[in-house]
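Structural features, examined
Residue-level listing of the chains:
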Amino acid sequence: MEDNEILEIWKSYDKKLEDSLVLNRKNTEEITRLKVQSFLASMKPIKIFTILVGIIWVGFVDILIINLFNVANPIFLISAGIQVLLTKLAIGIYLYQLILLHQPDISEPIIATQEKLARLKSSTLWVARLLFLQLPVWTTFYWNVSMLENGNIWLYTFQIIVTASFTFLAIWLFYNIKTENRNKKWFRLIFNGKEWNPVIKSMELLSQVNEYRNG
Amino acid sequence: MLLDRNAVTFLEVIESHKGIIYKIANSYCKNEENRKDLIQEIIYQLWLSFDKYDEKYKLTTWMYRIALNVSISFYRKEYRRDEINQPVPDEILYLHNENYSGESQSEVEQLYRFIKELKEIDKAVIFLYLEGNSQQEMSMILGLSVTNIATKVSRIKQQLKQKFTNLKT
């Protein structure tokens, strides 16, 4: 097949389409009366809701830490401190996304716009990485001095195995949850479900954009 | 000449370029329902951007950019208008005679099928090429260098030709 043949096929259809395509003007007019909502505006409410819930949680834990600082056991304070710090970082990412929501302009060139949109969506993955990094502190916050002083070898062994496994898993996931691994089985298993489809798709688009950028 | 930014002019613009919207939606959607949704979304986004249209660019450049950006991002359902709060009419663009016959029609269907199998950005590139845009115009729409575009177009055309060849053997 020659180059021209593909063009000819397209043009032949074009002609027929021109003769047969009808625009329903009444229905199109109705679109111009719809309430104005920008391309990304519908993403805002869920982001704002998540940030508010996050701030309430962080505020609650911060107050707890401050009020219990002199009486609580240090392991609880350290665990809660790490958890709340990682949650603050996650809130920071959501705030960054809220700012990014205003940047893409869909009347701009395609590669640049798609890059902005895909980066915005795939940055959600950072939140997942930070949340996984919190795993170990959920296995330590209930420790206290009495447990350390009066525990037996089985309790120590069990705790060490559990905390070490969660720490290893958290660090491994933090480093390995990235675009390059999006097609691996374990990745698909973690990010399985409709809500993650746009994020996975964004990563694929980002890799297409990079291919184009690199020629 | 300056363009009036009102609904009447907008309808004229859509009427004159309805083929672009229909063909892009057809290239990006595998089923009819999605195609209808995408057509509505493209027209809605064109309307929202109509006020901001910069007349230093051709009208078609502006349309291609928006229609392709919306189509490539169409998988992000949450980006779409809340259809319950803002119901939109069913049919906006339709064919009054869809029963074409003969070899050329089946070749068109094959070509569309092959285009639908391409990656999202490759689809945009080959679509703009098939529409007869110059490499300069494609560069303005895509935001890529002319050289880069020439290489990509050639690679995608090869892919399409290979698919047609495989079909015949």
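All values reported here derive from a predicted model rather than from experimental measurement. (Residues numbered from 1 in each chain as written. Chains lettered and ligands numbered in written order. Predicted model: local features only at pLDDT ≥ 70, side-chain atom pairs only at ≥ 80, totals over all residues.)

1. Some words on the overall build of chain A
When its secondary structure is counted, chain A shows ten helices and one strand. Its helices and strands taken in sequence order, chain A reads α-β-α-α-α-α-α-α-α-α-α from the N to the C terminus. In terms of principal-axis extent, the alpha carbons of chain A reach across some 85 × 45 × 30 Å. Burial statistics for chain A: of 215 residues in total, 15% are counted as buried. (Helix = DSSP H or I, 4+ residues; strand = E, 2+ residues; numbered from the N terminus. Buried ≥ 20, exposed ≤ 12 C-beta atoms within 10 Å, placed from the backbone.)

2. Digging into the overall build of chain B
Per the secondary structure count, chain B includes eight helices and one strand. Its helices and strands in sequence order give chain B the pattern α-α-α-α-β-α-α-α-α, from N to C terminus. Considering chain B as a whole, with its 169 residues, one finds that 36% of them fall into the buried category. A sequence separation of at least 24 residues applies to 67% of the contacts in chain B between residues at least 6 apart. (Contact = placed C-beta atoms within 7 Å.)

3. Structural notes on the environment of Thr169(B)
Of note, Thr169(B) is situated in the segment after α8 (146-168). Sequence separation between Thr169(B) and Leu142(B) is 27 residues; the distance between their C-alpha atoms is 35 Å.

4. Quick word on the packing of helix α7 (residues 135-142) of chain B against α8(B)
All names here are of chain B. Following both chains from N to C, one finds α7 and α8 inclined at 100°, their axes separated by 9 Å at the closest point. Considered as vectors, α7 and α8 are oriented roughly perpendicular to each other. Facing Gln-135, Gln-136, Met-138, Ser-139 and Leu-142 of α7, the residues of α8 in contact are Val-146, Ile-149 and Ala-150. The residue makeup of the contact of α7 with α8, split by class, is five nonpolar, three polar and no charged. (Axes fitted to C-alpha atoms, helices over the stretch in contact; angles between N-to-C directions. Parallel < 35°, antiparallel > 145°, perpendicular 65-115°, else oblique. Nonpolar A, V, L, I, M, F, W, Y, C, P; charged D, E, K, R; others polar.)

5. Re the nonpolar core
A general feature of soluble globular proteins is that nonpolar side chains tend to end up buried together. All names here are of chain B. With 54 residues, the main nonpolar core has Ile-21, Ile-39, Ile-42, Ile-43, Ala-67 and Ala-124 as its most contacted residues. Each of domain 1 (1-98) and domain 2 (100-169) contributes no fewer than three residues to this core. Setting aside its immediate chain neighbours within four residues, Ile-39 contacts Ile-21, Tyr-22, Ala-25, Ile-92 and Leu-93. (Core = buried A, V, L, I, M, F, W, Y, C linked by C-beta atoms within 7 Å. Domains from an automatic or database assignment.)

6. Quick word on helix α5 (residues 110-122) of chain A
Taking 1.5 Å per residue, 13 residues should reach 18 Å; α5(A) reaches 18 Å between its end C-alpha atoms and fits that length. Every buried residue belonging to α5(A) is among Ile110(A), Thr113(A), Gln114(A), Leu117(A), Ala118(A), Leu120(A), Lys121(A) and Ser122(A), and all of these are buried. Check the buried side of α5(A) and you find it contacts α4 (74-100), α6 (124-133) and α10 (197-213) of chain A together with α4 (59-72), α6 (120-130) and α7 of chain B. (Expected span 1.5 Å × (residues − 1).)

7. A closer look at the domain arrangement of chain B
All names here are of chain B. When the domains of chain B are assigned, the result is domain 1 (1-98) and domain 2 (100-169). Counting residues at the interface gives eleven residues for domain 1 and eleven residues for domain 2. Every element with two or more residues in the side of domain 1 that touches domain 2 is listed here: α2 (18-28) and α4. In terms of residue count, α4 provides more of the side of domain 1 that touches domain 2 than any other element does, five residues in total. By residue class, the composition of the side of domain 1 that touches domain 2 is six nonpolar, three polar and two charged.

8. Points about α4(B)
Residues and elements named next belong to chain B. Counted at 1.5 Å a residue, the expected span for α4 with its 14 residues is 20 Å, and the 20 Å between its end C-alpha atoms agrees. With eleven of its 14 residues buried, α4 lies for the most part within the structure. Where α4 is concerned, the buried positions are Trp-62, Met-63, Tyr-64, Arg-65, Ile-66, Ala-67, Leu-68, Asn-69, Val-70, Ser-71 and Ile-72.

9. Observations concerning the packing of α5(A) against α10(A)
A pair of packed helices can be characterised by two numbers: the angle between their axes and the separation between those axes. Residues and elements named next belong to chain A. Packing of α5 against α10 leaves a shortest axis separation of 8 Å and a crossing angle of 140°. Pair α5 / α10 crosses with left-handed handedness. Contacts between α5 and α10 pair Ile-111, Gln-114, Glu-115, Ala-118, Arg-119, Lys-121 and Ser-122 from the former with Pro-198, Val-199, Ser-202, Met-203, Leu-205, Leu-206, Val-209 and Tyr-212 from the latter. (Left-handed = near helix turned anticlockwise from the far one by under 90°.)

10. Details of the environment of Leu133(A)
Residue and element names in this part refer to chain A. Tracing the backbone shows Leu-133 in helix α6. Leu-133 sits in the partly exposed class, given 19 other C-beta atoms within 10 Å. Separated by 67 residues in the primary sequence, Leu-133 and Ile-200 have C-alpha atoms spaced 21 Å apart. Those residues in contact with Leu-133 that lie beyond four places of it in its chain are Leu-86, Ala-170 and Phe-174.

11. Quick notes on the confidence of the model for chain B
Residues and elements named next belong to chain B. The predicted model of chain B averages 84 in pLDDT, with 83% of residues at 70 or higher. Segment residues 78-85 is flagged for pLDDT under 50; beyond a separation of four residues in sequence, or across chains, it makes 16 contacts in the model. Reported confidences for the modelled complex are a pTM of 0.83 and an ipTM of 0.85. (pLDDT = per-residue confidence, 0-100.)

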